[in-house]
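# Overview (structure and organization)
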Amino acid sequence: MNEMPPQTAAGKVLWHFSMSLDGFVAGPNHTMDWVTAASHRPGLVEEYTGTTGAVLGGRTGWDAYPDPGAIYGGAWQGPLFVLTHHPGDAHPTPGVTFLSCDVAEAVRIALKAADGKNVEVFSPTIGRQLLDRGLIDEIDLHIVPVLLGDGIRLFHNPGGPPVRLEFLNGDERTAAVNVRYRPTPIG
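## Things to note about the overall build of the chain
Regarding its fold elements, the chain presents 4 helices and 8 strands. Along its sequence from the N terminus, the chain presents helices and strands in the succession β-β-α-β-α-β-β-α-β-α-β-β. Over its C-alpha atoms, taken along the principal directions, the chain stretches across nearly 50 × 40 × 40 Å. Counting over 187 residues, the chain shows a buried share of 37%. In the chain, the share of contacts with a sequence separation of at least 24, taken over all contacts with a separation of at least 6, comes to 77%. Looking at charge distribution, the chain has the averaged site of its 13 positive side-chain charges lying 3 Å from that of its 20 negative ones.

Dropping the structure here:
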């Protein structure tokens, strides 16, 4: 497996998450404490804060973490769009625009605001809808060595067809990614 090339600011729509090995992007009730125990390669946060022009999220995630200053630990600032069916009951927050429109329109608005940089999608539900419509350019995952067993799945589409993906950080585009872990005691 080759090293992951750095992310570029190319006006892409990225479905971007840290994810547990068993496919969860948040624990039960949107808990995220499991992510803080992971280490990432040097410069990762700076790479994404420099290439992200706007963030698109969903209302459930926003209600769990209603702080736009917390994105990338406060290292990123920019337009945040929250797609919701009920914008009228959302608490107005500086830097946050609550949208009640079709997901394709939300992406169009976010891409315009991103001004040539990438739009990061921080919602499993919105990401799945965009994927269904062919509006996701890349799925960018950081797999954290933990098994959560419960929570919010990255892709939950019971009865839907499989979605084939192309591996971008290697020469073999259909290669399986091999990971090897050993259970460690907690504590």
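Structure's up, so let's keep going.
## Thoughts on unusual backbone geometry
Positive phi outside glycine occurs at histidine 30, with the angle close to 65°. Following the sequence through the fold, histidine 30 ends up in the loop between strand 2 (24-26) and helix 1 (44-51). With relative accessibility at 16%, the residue histidine 30 sits in the buried group.

## A word on the packing of aromatic side chains
The relation between two aromatic rings is expressed through the spacing of the ring centres and the mutual angle of the planes. Taken as a whole and judged by the stated rule, the model has 3 aromatic pairs. Centroid distance tryptophan 62 to phenylalanine 98: 5.9 Å. Interplanar angle 75°. Geometry classified as edge-to-face. Within this pair, whereas tryptophan 62 is found in helix 2 (residues 59-64), its partner phenylalanine 98 is found in strand 5 (residues 96-99), the two being separated by 36 residues in sequence. Phenylalanine 98 carries the same exposure label as tryptophan 62, and that label is buried. Members of the aromatic cluster, each reached through a chain of ring pairs, are Tyr48, Tyr72 and Phe122.

## Considerations on a nonpolar patch on the surface
Taken together, Leu21, Ile143, Leu147, Val177, Val179 and Tyr181 make up a surface patch of nonpolar side chains, about 540 Å² in accessible area. Its location among the elements puts leucine 21 in the loop between strand 1 (13-20) and strand 2. Note on leucine 21: relative accessible area 37%, which makes it partly exposed.

## Focus on helix 4 (residues 124-132)
All of the buried residues along helix 4 are Pro124, Ile126, Gly127, Leu130 and Leu131. Buried residues of helix 4, viewed axially, fall in a sector of 160°; they line one side. At the N-terminal boundary of helix 4, the capping side chain belongs to serine 123, with an oxygen 3.4 Å from the backbone nitrogen of threonine 125. Where helix 4 terminates, the next one or two residues include glycine 134, which has phi positive at roughly 75°.

## Considerations on the nonpolar core
Ranked by internal contacts, the top residues of the largest apolar core, which has 22 residues, are Trp15, Leu56, Leu83, Val121, Ile126, Leu130 and Ile136. Contributing elements (two or more residues each) for this core: strand 1, strand 3 (52-58), strand 4 (80-83), helix 3 (103-114), strand 6 (118-122) and helix 4. Looking at this core element by element, the count peaks at 5 residues for helix 3. Once residues within four sequence positions are removed from consideration, isoleucine 136 is found in contact with Val13, Trp15, Val121, Gly127, Leu130 and Leu131.

## Side note on the pattern of salt bridges
Counting across every chain of the model gives 7 salt bridges. Between aspartate 89 and arginine 59 there is a salt bridge, with its nearest N and O atoms 3.0 Å apart. Taken as a pair, aspartate 89 in the loop between strand 4 and strand 5 and arginine 59 in helix 2 lie far apart in primary sequence, 30 residues in all. Using a relative accessible area of 16% as the deciding quantity, one classes arginine 59 as buried. Put simply, arginine 133 and aspartate 102 hold a salt bridge, and the shortest N to O gap is 2.5 Å. A residue pair is termed long-range when its members are at least 10 positions apart, and arginine 133 in the loop between helix 4 and strand 7 (138-144) and aspartate 102 in the loop between strand 5 and helix 3 qualify at 31 residues.

Calculation rules
- Residues numbered from 1 in each chain as written.
- Predicted model: local features only at pLDDT ≥ 70, side-chain atom pairs only at ≥ 80, totals over all residues.
- Heavy atoms only, no water.
- Helix = DSSP H or I, 4+ residues; strand = E, 2+ residues; numbered from the N terminus.
- Buried < 20%, exposed > 50% of the residue type's maximum accessible area, 1.4 Å probe, protein only.
- Contact = heavy atoms within 4.5 Å.
- Lys, Arg positive; Asp, Glu negative; His and termini not counted.
- Charge placed at Lys NZ, Arg CZ, Asp CG, Glu CD.
- Phe/Tyr/Trp six-rings, centres within 6.5 Å; stacked < 30°, edge-to-face > 60°.
- Patch = residues over 30% accessible without salt bridge, like charges linked within 9 Å, V, L, I, M, F, W, Y side chains within 5 Å.
- Areas by Shrake-Rupley, 256 points an atom, 1.4 Å probe, with all protein chains shown as cover.
- Salt bridge = Lys/Arg side-chain N within 4 Å of Asp/Glu carboxyl O.
- Arc of directions from axis to C-beta.
- Polar contact = N/O pair within 3.5 Å; in protein donor to acceptor, adjacent residues only side chain to side chain.
- Core = buried A, V, L, I, M, F, W, Y, C linked by side-chain atoms within 4.5 Å.

Just geometry here; none of it tells us what the structure is for.
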